[in-house]
Amino acid sequence: MTPFKPVLLEAVGVPDGHSIASYKSRGGYAPLEKALAEKQPVDVVEMVKSSGLRGRGGAGFSTGLKWTFLPKDHPGPIYLCINADESEPGTFNNRILMEDDPHQVIEGIILSSYATRASTAYIYLRYEYPQSWHRLQAAIDEAYAAGYLGKNIRGTNFSLDVYLHRGAAAYICGEETGLIESLEGKRAWPRIKPPFPAIEGLFRKPTVVNNIETMACVAQIARRGIDWFKSIGVPADPANPRDPGSYGPKLYCLSGHVEKPGCYEAPLGITARQLIDQFGGGVWKGRKAKAVIPGGISMGLMTESELDTPLDFAGPGKVGCLGLGTAAVVVIDDQTSIVDFLHNSCRFFAHESCGQCTPCREGTSWSLRMLERIKAGQGRLRDLDLLLEIGNTMGMMPGSTICGLADGAAWPIKNAIKKFRGEFEDYIKRTNPSGWMVTDPVPALQIVGAH
Amino acid sequence: MPVVIVDGQEIEIGADERLNCIEAARRAGKEIPHYCWHPGLSVVASCRMCLIETGQRDAATGKISMVPKLVPGCQTPVKDGTVIVTESQLVKDSRARVEEALLIDHPIDCPICDKAGECLLQDYHFEHGQAERRADLHPFTSRKRDVGPTVTLFVDRCIMCTRCVRFTREVSGASELMVVSRGSTEEIDVFPGFPLDNKLAGNVVDLCPVGALGDKDFLYQQRVWFLKREANVCGGCSAGCSIHTEHNQDTVYRLKPRENPHVNTWWMCDDGRYGWHHLHDQSRVLSAGRRREANSNGHGTPGDAFEAIEWADVVTRLRDDLKAAGRLAVAVSPMLTVEEAWMLCAIARSIDPEAFLTLGHVPVVGADETFPGGFTIRAEKCPNRKGVEEVLALYGAGGRSWDDLLAHVAAGKADAAWVTGGYPTPWIDDTTAATFADLECLVVQDLFESSLMKLATWRLPAAGFAERAGTWVNVAHHAQSFGQAIKPPAGVWPEGRLFWNMLGRRGLYDPVGVRQQIAGSAAPFAALAGDVPANGVDLRVRQLA
């Protein structure tokens, strides 16, 4: 592979790279001025649509297409919400962008607001990112001072206000309608869809929710052009009419048992093995990888033999993972127990389930309690079947929940047990030599003591 | 007409009806189990009990394409060609799993739970659940706490359907209830210092599909399977909410709102809900009596002052007394039914053809109170002012009020007065009562002792709302007929029975027969002919038609 020069991360390591002066010296805001002067909003939509940019937040939906779902000639306000509630375990690419190059994000926001005709944009920031908060707010203030935000930007009749909202630290606030509810000051319970946010979102008005990295990509597309963007990545699979291709650079968050964890920019489609070896310096301590999480804990697991899977939007799905997700690659070395991994994963989702839908609320907590029992040496082989049943029936895909949190909770369970069943069985047999084979129904509830 | 296919059965729905799958399936006789959905509240689709399979039949080809996953029936609107499958294995398995999930954290303390017997969790578990408990968890913590003066929350029984939370936000409007915490540890609670305390609070107990919210007034008073229910009408105010009076052995245990789209939709207020305790008050007037001649100087106790009279003798002696006294004035209480009012007027005119008839005292407390969901508690604390006024109009006494009666008596234009009451709360003061002091004969018929009754020549007991049968007309001219829920206490004849006998009619009091007679002879009541539907009729609509 030819050496790839980082674009989204070009400000990293640049002294004062987060300032507006530094950003402009790198060519920033010029594309915005050009677009405002020369392009109509529809042209910007068309630019993003034909660039093939897919949302970087996790689901990989076409950004330009999402914008076209907004009602035409809507008389009232349209809102743009920027999802910076980056809380998928292992993910920190938004943080790098917000801390080291906030103006790139803001330029993307301004362009996107112009395209969607939004005059108000909200950045919903994860609470635990104080540095991002300071840097973004400073950058917003700079942009106002420089006339890129506010009334009649650059003499046009386009006005935009950007508000930075600091969330209250809940995973569910990253779900787009959960985010909207939270932004409205309510409990972040995802809404039932339809209506989708493009029709009825924030304050019941048409709303677009985009990720921070998507905004950075929009800024880069405006600066470098569609052809540059499409020259990077994996083209659409001609055999699969539903595959729109995976274009552009992507920030991969490499963490776990590697020598050099970090956020690395690479073309979409780099394989997990390339990422680990070329960027991460290999699995740490000379060990081998047992499993790799392709894009955040909710995407499931790839085994060692699946590491040559390209990490584009279609790749992880081919080996039974949920998808690319946030491209947060977490490496698990061969001396780590998958039982521990799954326990940790279940603990996370049981804690973060919003509690609205019964299958997710009870399924996540039941699976956690089952894993606690397995880890306490009371596991039974039957528990694995129960865990699989919970995993297979909980989520948006079987239709049993409102949002995708349950799918994300189910995938690690399904992948871990399907791909590492032997290890689970060994663990259970070893730790519960007398009871692993029990398949009887769980005994009736204990009689309540006298009240 | 749009056609919906429910489990292969084609049903037609109205062209402009907006139904969800639960409602459409109900038309076909199929129940889709659900917890969180309620027709009077917003849709959240969170309990996932109503998951079904749906599809769409192509109008041109007749080919059915199914949605490849389960969808919530509550959230899915039906249109022409919608296919609903409620009994596939996928749906059954899904229901069983939701039941299993809900029971993981449920204490299953049915033997000590008030809801047992009318609990959706129980019912659905028997119908859709699985026999084996696969979760080895023991969720016995049995926590409960007060969330308000009338409601206790049994925390572990809650299945988080959030009906109660939505009710306080959308209907009662005070938003006292909320969800705290997250995931499987979340609970319903109130903010400290802001209890669930509003006049519609009791409805959250009705809404609760499980035993999580308990009504303190009813808690541990009666197992629900002993209760019998009578479709009744609340007598608390002129809204005339449709209710069920739930009783056992002539004792009322609770009132529940009865769904009526024309009157109260699904709700009732707490004033009405708890407004039945006076029925079983020990201080009620429990026998008919006539003042002893010897004690008319006022000495002795009231019990001594009055001589108990057998009801059979009341029928004849009361008429004789009033006839002997001369000019008669009658206050027709707005607590009486249309039938009772009509018979009372007939009796009065048969005793004195010139009898002065007026509406009885109309108790008014405060002003009408309307809640954000549209529910209104009326200031007029009587159920039948409109009905009595219509009856009086038939007798040429339309528009006459209690004040007219007071003026009439004060002016010395009456020698005898018959004041009907039936008010659950004190309603007359000494000064007003004194107006009647000099009458030859004063008949007072009421639930409780009052300063007026102290002056009475005849003291007659009255019946409470659940002890009557007949028709009430609410503030919006909506007439509802109802039956008698419980027998009045021993010694009490409901007004209708006395009037029936005083009119010389044979046999048992027949309120339906009287209603038919009124409907047949009086145009304003024409709509009451035949059977009155359970939801009642609007008297004006039929008149216009």
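In this text the structure is predicted, and so the values were computed from the model without any measurement.

Engineer: Could you give an account of the overall build of chain A, with specific residues and numbers?
Structural biologist: Scanning chain A from terminus to terminus reveals 17 helices and eleven strands. Restricting the contact set of chain A to residue pairs at least 6 apart, pairs at least 24 apart contribute 69%.

Engineer: For the overall build of chain B, give the residues involved together with the corresponding values.
Structural biologist: The helix and strand tally for chain B stands at 16 helices and 26 strands. In terms of its C-alpha atoms, chain B occupies a principal-axis envelope of roughly 85 × 55 × 40 Å. Looking at the 545 residues of chain B, the share that counts as buried comes to 49%. The long-range fraction of contacts in chain B, counting pairs at least 24 apart against all pairs at least 6 apart in sequence, stands at 66%.

Engineer: Can you break down the domain arrangement of chain A residue by residue, with the values?
Structural biologist: Residues and elements named next belong to chain A. Assigned domains within chain A: domain 1 (20–231), domain 2 (246–333) and domain 3 (338–431). Here the C-alpha centroids of domain 1 and domain 3 sit 35 Å apart. In this assembly, ten residues from domain 1 lie in contact with eight residues from domain 3. Of the residues in the side of domain 1 that touches domain 3, the class split is eight nonpolar, one polar and one charged.

Engineer: Outline the confidence of the model for chain A, supporting the account with residue identities and numerical values.
Structural biologist: For chain A, the average pLDDT comes to 92, and 97% of its residues sit at 70 or higher. pLDDT under 50 marks residues 444–451 of chain A. Its contacts with residues more than four places away, or in other chains, come to four contacts.

Engineer: Can you explain the sheet that holds strand β7 (residues 144–146) of chain B? Please cite residues and give values.
Structural biologist: Residues and elements named next belong to chain B. The strand order across the open sheet formed by three strands is β7-β8-β11, and the pairing between neighbours is antiparallel. The strands lining the two open edges of the sheet, one partner per strand, are β7 and β11 (213–215). Each strand of the sheet is rotated relative to its neighbour by a mean of 30°, with strand direction disregarded. Where β7 lies against strand β8 (residues 151–154), three bridges are found, and the strand directions are antiparallel. The partner of Asp146 across the bridge, within β8, is Thr152.

Engineer: For the nonpolar core, give the residues involved together with the corresponding values.
Structural biologist: Across soluble globular proteins, you tend to see nonpolar side chains buried next to one another. By size, the foremost hydrophobic cluster in this structure holds 293 residues, and its most contacted members are Cys81, Ile82, Leu275, Val292 and Val329 of chain A together with Val332 of chain B. Contacts of Val329 of chain A, omitting those with residues within four sequence positions, involve Tyr252, Cys253, Leu254, Ala272, Leu275, Val292, Ile293 and Pro294 of chain A.

Engineer: An account of the interface of chain A and chain B is requested, with residue identities and associated values reported.
Structural biologist: Contacts between the two partners involve 30 residues from chain A and, on the opposite side, 33 residues from chain B. Here the side of chain A that touches chain B gets nine residues from one element, more than from any other, and that element is helix α14 (residues 358–378) of chain A. Within the side of chain A that touches chain B, the residues separate by chemical class into 14 nonpolar, twelve polar and four charged.

Engineer: Break down helix α3 (residues 41–51) of chain A for me, citing the residues and quoting the values.
Structural biologist: Residues and elements named next belong to chain A. If you check which residues of α3 are buried, you get Val44, Val45, Met47, Val48 and Ser51. Looking down the long axis of α3, one finds its buried residues gathered within 160° of arc, a one-sided arrangement. For α3, the secondary structure elements touched by its buried residues are α2 (30–38), α4 (63–68), α6 (102–116), α9 (212–224), α10 (226–230) and β6 (246–247). Positive phi shows up at Gly52, right after α3, with a value of about 75°.

Engineer: Break down the domain arrangement of chain B for me, with residues and values.
Structural biologist: Annotation of chain B at the domain level lists domain 1 (3–87) and domain 2 (289–467 + 492–507). A separation of 55 Å is found between the C-alpha centroids of domain 1 of chain B and domain 2 of chain B.

Engineer: Account for the sheet that holds strand β4 (residues 207–211) of chain A, with residues named and values stated.
Structural biologist: Residues and elements named next belong to chain A. Strand order in the open sheet formed by four strands is β3-β2-β1-β4, with parallel pairing between adjacent strands. Here the strands that pair on one side only, and so sit at the sheet edges, are β3 (161–166) and β4. Neighbouring strand axes in the sheet, compared pairwise and without regard to direction, differ in orientation by 20° on average. Bridging between strand β2 (residues 120–125) and β3 involves six bridges; their strand directions are parallel. Residue pairing across strands places Leu125 opposite Arg166, the latter belonging to β3. The strands touched by α6 within the sheet are β1 (79–84), β2, β3 and β4, with β1 carrying the most contacts at an inclination of about 150°.

Engineer: Now, about the pairing of strand β8 (residues 262–267) of chain A: what can you tell me, with residues and values included?
Structural biologist: Residues and elements named next belong to chain A. Pairing of strand β7 (residues 249–256) with β8, which is carried by six bridges, proceeds in the antiparallel orientation. Among the inter-strand pairings, Leu254 is bridged to a residue of β8, identified as Gly262. The turn linking β7 back onto β8 is made up of five residues.

Engineer: Before we move on, can you summarise the packing of α14 of chain A against helix α2 (residues 89–104) of chain B with the specific residues and values?
Structural biologist: The interhelical angle for the contact between α14 of chain A and α2 of chain B, taken along N-to-C directions, is 60°, at an axis separation of 9 Å. Classified by the angle their axes make, α14 of chain A and α2 of chain B are oblique. Here α14 of chain A and α2 of chain B pass one another in a crossing that is left-handed. The residues of α2 of chain B that touch α14 of chain A, namely those facing Thr358, Pro359, Glu362, Gly363 and Trp366 of chain A, are Arg97, Val98, Ala101, Leu102 and Ile104 of chain B. The residue inventory of the contact of α14 of chain A with α2 of chain B, partitioned by class, reads six nonpolar, two polar and two charged.

Engineer: Residue-level account of the pairing of strand β23 (residues 458–461) of chain B, with values.
Structural biologist: Within a regular strand, side chains alternate between the sheet's two faces. All names here are of chain B. Neither face of β23 is exposed, since Trp458 and Leu460 on one face and Arg459 and Pro461 on the opposite face are all buried. Taken together, the two bridges between strand β15 (residues 289–291) and β23 define a ladder with antiparallel strand orientation. Within β23, the position partnered with Gly289 by the bridge is Arg459. When strand β22 (residues 441–446) meets β23, the two strands line up parallel, connected through four bridges. Bridging across to β23, Asp446 finds its partner in Pro461.

Engineer: Give a detailed account of the environment of Arg191 of chain A, specifying residues and quantitative values.
Structural biologist: Inspection of the secondary structure assignment puts Arg191 of chain A in the loop between α8 (176–183) and β4. Setting aside anything within four residues of it in sequence, one finds Arg191 of chain A in contact with Thr177 and Glu181 of chain A.

Engineer: Quick rundown of α8 of chain A? Include the residues and the values.
Structural biologist: Residue and element names in this part refer to chain A. By the criterion of burial, α8 is predominantly enclosed, with eight of the eight residues buried. Elements that come into contact with the buried residues of α8 comprise β1, β2, β3 and β4. Directly beyond the C-terminal end of α8, a positive phi value near 90° is found at Gly185.

Engineer: Run through the environment of Leu196 of chain B, naming residues and quoting values.
Structural biologist: All names here are of chain B. Tracing the chain through its elements places Leu196 in the loop between β10 (187–190) and α5 (203–207). You can call Leu196 buried: it has 25 C-beta atoms within 10 Å. Put simply, Leu196 and Asp146 are 50 residues apart on the chain and 9.0 Å apart in space, counted from C-alpha to C-alpha. Non-local contacts of Leu196, meaning those with residues more than four positions away in its chain, are made with Val147, Gly148, Val151, Thr168, Glu176, Leu177, Val190 and Ala201.

Quick notes on the rules
- Residues numbered from 1 in each chain as written.
- Chains lettered and ligands numbered in written order.
- Predicted model: local features only at pLDDT ≥ 70, side-chain atom pairs only at ≥ 80, totals over all residues.
- Helix = DSSP H or I, 4+ residues; strand = E, 2+ residues; numbered from the N terminus.
- Contact = placed C-beta atoms within 7 Å.
- Buried ≥ 20, exposed ≤ 12 C-beta atoms within 10 Å, placed from the backbone.
- Domains from an automatic or database assignment.
- Nonpolar A, V, L, I, M, F, W, Y, C, P; charged D, E, K, R; others polar.
- pLDDT = per-residue confidence, 0-100.
- Pairing = 2+ DSSP bridges.
- Axes fitted to C-alpha atoms, helices over the stretch in contact; angles between N-to-C directions.
- Core = buried A, V, L, I, M, F, W, Y, C linked by C-beta atoms within 7 Å.
- Arc of directions from axis to C-beta.
- Parallel < 35°, antiparallel > 145°, perpendicular 65-115°, else oblique.
- Left-handed = near helix turned anticlockwise from the far one by under 90°.

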